[in-house]
Amino acid sequence: MGVRHGREYRDILKDLTEAVGAIGSSYSFFEMSEEEWGELGVEERSEVMEALADDVFYGLGVEPVIQVGQGTVTYHQKFHIIEVAVDGKEVRIVRLT
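Keep in mind the model is a prediction, meaning the values are calculated, not measured.

What counts, and at which threshold
- Residues numbered from 1 in each chain as written.
- Predicted model: local features only at pLDDT ≥ 70, side-chain atom pairs only at ≥ 80, totals over all residues.
- Heavy atoms only, no water.
- Phe/Tyr/Trp six-rings, centres within 6.5 Å; stacked < 30°, edge-to-face > 60°.
- Helix = DSSP H or I, 4+ residues; strand = E, 2+ residues; numbered from the N terminus.
- Buried < 20%, exposed > 50% of the residue type's maximum accessible area, 1.4 Å probe, protein only.
- Salt bridge = Lys/Arg side-chain N within 4 Å of Asp/Glu carboxyl O.

Hey, could you run me through the packing of aromatic side chains in this one?
To describe a pair of aromatic rings, one takes the distance between the centres and the angle between the planes. Under the criterion given, the structure shown has 5 aromatic pairs. Aromatic side chains Tyr9 and Tyr58 sit 5.8 Å apart centroid to centroid with 45° between the ring planes, which places their arrangement in the tilted category. Linking Tyr9 in helix 1 (residues 9-21) with Tyr58 in helix 3 (residues 42-59), this pair joins segments that are 49 residues apart in sequence. On the basis of relative accessibility, which here comes to 22%, the residue Tyr9 falls in the partly exposed class. A relative accessible area of 53% means that Tyr58 is categorised as exposed. Taking 5.6 Å as the distance between ring centres and 80° as the angle between the ring planes, the aromatic pair formed by Phe29 and Phe30 counts as edge-to-face. A residue is classified by how much of its surface remains accessible, and Phe29, at 31% relative accessible area, is partly exposed.

Explain the pattern of salt bridges to me, please; I cannot follow it from the model alone.
Note that side chains of opposite charge can pair when their charged atoms are close. In total, this model carries 4 salt bridges according to the counting rule given. Of the charged contacts in the structure, one is a salt bridge between Asp15 and Arg7, with a shortest N-O distance of 2.9 Å. Each of the salt bridges in this network shares a partner with another, and the network as a whole consists of Glu18, Glu90 and Arg92.

What follows is the structure, given as structure tokens:
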């Protein structure tokens, strides 16, 4: 099926990377421990979060809701958005058009 989008993918990926990076323990998506995460430098962490955002984007084409660390990422096809529930209080919206 896939996630339909009208915006440039690189712009969506940038926004999604920032949003999933705000989720607590998001690195656990890759079965990475807190210790392993802590050993990474700033650039390496950025690369991991971009890879996470990319994987989640394509995964949403199969499963509309994906658990990431302490949050969830949901594709709302009808509204052309991806909703990132960072925690119980904060939700970020990534527009696809």
